[in-house]
Amino acid sequence: MSEKNILSSNPWRSDGSLRHLLTLEGLSRPLLETLLERSAHYSAPLSVPAARSNALIGKTVALMFAEPSTRTRVSFELAARRLGADVINIEVQLSSRLKGESVLDTVATLESMHVDAFVLRDSDASIPEMVAKHVAPSVSVISGGAGSLSHPTQGLLDALTVRQHRGRIEGLTIAIVGDVKHSRVARSAAQIFTALGAGEVRLVAPVGLMPDEAEFAGCSRFTNLDRGISDCDVVMMLRIQKERMTAAAIPDEARYFQEWGLTRERLQRAKPGALVMHPQPMNRGVEIASDVADGPQSVIRDQVRNGVAVRMAVLETLLAGR
Ligand code: ASP
């Protein structure tokens, strides 16, 4: 690391290629389409062996997750390995961290060992950005989830999943339902669905879990579940992000399910065959009924499968041939 690198976290290289992926905000539609096409290339049904390539042989990817993760961490690891990269997992001790300084020390240590990319998850949304500002020019940073701000690879896998099932995003009505206010998944999903031409992106949430008006430009807002999902093509359910709330603000789960839980009956308000999505982890019986989560309209397992493909595409795009 050097002073010279503390310039900005500009995601682009001087040749115009993408170096960091910290957010989907501001990425052009052609670039998003290219990433999705590459993801589709790596997205194999479970009946055939997982796609592999040698694109990242000789590269090293470090995963530094400071918040719990199952799918994102495992799928980044599988993605990197399936492209031939070496992978290291760092246990981030939140308790010993002083305002991000020890993160930079860890990053500097790993840079000295020839790490080519860092995948970071943190409750502090500024951490991936800060690391991106400090790493050497040859090193890339990818967000695996930054506070409630962004989760770019989740947005990509959500868009890929809808495209696989509907053939397009254009013109679709997509409802994002639940704790929108604290959800990084909602922010990245709204950004990519809007960029890819969705007809309407609806935020459907209780008043207390609805984000500020200044956010989510262009999205419509509903504070009633039945009206919010009415005639939708896609219903994306969200977990209540208790970890981002004070204890007093956490809704009572039984009451929440009564008013906001997606049941089979309620789902009938959406278009016939509407897709049901959830980024997971799911709280069955809180934001979604079990029979809906496992039902014929659910594409939740496809979202997980596509997570590996998207992360392969992202790692390849950022690192291959560098
Ligand atoms: N796994 C997603 C995330 O990391 C969604 C969630 O935790 O509710 O944001």
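Quantities reported herein were computed from a predicted structural model and do not represent experimental measurements. (Residues numbered from 1 in each chain as written. Predicted model: local features only at pLDDT ≥ 70, side-chain atom pairs only at ≥ 80, totals over all residues. Heavy atoms only, no water.)

(A) Just the pairing of strand 2 (residues 86-91), in detail. The pairing of strand 1 (residues 60-65) with strand 2 spans six bridges and is classified as parallel. Note on strand 2: the bridge partner recorded for Thr60 is Asp86. At this point the chain moves from strand 1, through helix 2 (residues 71-82), to the parallel strand 2, and the crossover so formed is right-handed. (Pairing = 2+ DSSP bridges. Helix = DSSP H or I, 4+ residues; strand = E, 2+ residues; numbered from the N terminus. Right-handed = clockwise from strand over helix to strand, strands pointing away.)

(B) Seen up close, the site of the ligand. Taken together, Arg121, His151, Arg184, Val185, Arg239, Gln241, Pro279, Gln280 and Pro281 form the complete shell of residues around the ligand. Here Arg184 contributes a side-chain N or O atom positioned 2.8 Å from an oxygen atom of the ligand. Gln280 is positioned such that a nitrogen or oxygen atom in its backbone is 2.8 Å from a nitrogen atom of the ligand. Within the complex, the protein chains bury 92% of what would otherwise be the 260 Å² of accessible surface of the ligand. In terms of residue class, the shell around the ligand is built from three nonpolar, three polar and three charged. (Near = heavy atom within 4 Å. Polar contact = N/O pair within 3.5 Å; in protein donor to acceptor, adjacent residues only side chain to side chain. Areas by Shrake-Rupley, 256 points an atom, 1.4 Å probe, with all protein chains shown as cover. Nonpolar A, V, L, I, M, F, W, Y, C, P; charged D, E, K, R; others polar.)

(C) Region of interest: the nonpolar core. Core analysis: the largest hydrophobic core is formed by 86 residues, its most contacted members being Leu156, Phe193 and Leu315. Per element, the largest residue contribution to this core is nine residues, and it comes from helix 11 (residues 300-319). Apart from the residues within four sequence positions on either side, Leu315 is in contact with Leu56, Val61, Phe76, Ala79, Ala80, Leu83, Ile142 and Ala320. Core analysis: the second largest hydrophobic core is formed by 18 residues, Ala62, Leu120, Ala132 and Val141 among them. (Core = buried A, V, L, I, M, F, W, Y, C linked by side-chain atoms within 4.5 Å. Buried < 20%, exposed > 50% of the residue type's maximum accessible area, 1.4 Å probe, protein only. Contact = heavy atoms within 4.5 Å.)

(D) Local environment of unusual backbone geometry. Note that the residue after Gln280, namely Pro281, is joined by a cis bond; omega there is 0°. One can find Pro281 in the loop between strand 9 (275-277) and helix 10 (290-293). Despite not being glycine, His114 shows a phi value in the positive range, around 70°. Structurally, the position occupied by His114 is in the loop between helix 3 (101-111) and strand 3 (117-122). Despite not being glycine, Gln280 has its phi angle at roughly 65°, a positive value.

(E) How the structure looks around the packing of helix 2 against helix 11. Put simply, helix 2 and helix 11 touch, their axes get as near as 8 Å, and they point 50° apart. Judged on the interaxial angle alone, helix 11 and helix 2 are oblique. Considering only the axes of helix 2 and helix 11, their crossing is right-handed. Where helix 2 abuts helix 11, its residues Arg71, Thr72, Ser75, Phe76, Leu78, Ala79, Ala80 and Arg82 lie against Val304, Gly307, Val308, Arg311, Met312 and Leu315. Broken down by class, the residue content of the contact of helix 2 with helix 11 amounts to eight nonpolar, three polar and three charged. (Axes fitted to C-alpha atoms, helices over the stretch in contact; angles between N-to-C directions. Parallel < 35°, antiparallel > 145°, perpendicular 65-115°, else oblique. Left-handed = near helix turned anticlockwise from the far one by under 90°.)

(F) The sheet that holds strand 2, seen in detail. In space, the four strands of this open sheet follow the order 2-1-3-4, with parallel pairing throughout. Among the strands making up the open sheet, the edge pair consists of strand 2 and strand 4 (140-146). When strand polarity is set aside, the average angle formed by the axes of neighbouring strands in this sheet is 15°. Set on the sheet, helix 3 makes contact with strand 1, strand 2 and strand 3; between it and strand 1 the angle comes to about 165°.

(G) Main features of the sheet that holds strand 7 (residues 220-222). Taken in spatial order, the five strands of this open sheet run 7-6-5-8-9, and their pairing is parallel. Sheet topology places strand 7 and strand 9 at the edges, where each strand pairs with a single neighbour. If you compare each strand with its neighbour and ignore which way they point, the axes differ by 20° on average. Pairing of strand 8 (residues 234-237) with strand 9, which is carried by three bridges, proceeds in the parallel orientation. Within the sheet, the bridge partner assigned to Val235 lies in strand 9 and is Val276. On the sheet, helix 6 (residues 184-195) packs against strand 5 (173-177), strand 6 (200-204) and strand 8 and is oriented at approximately 170° with respect to strand 5.

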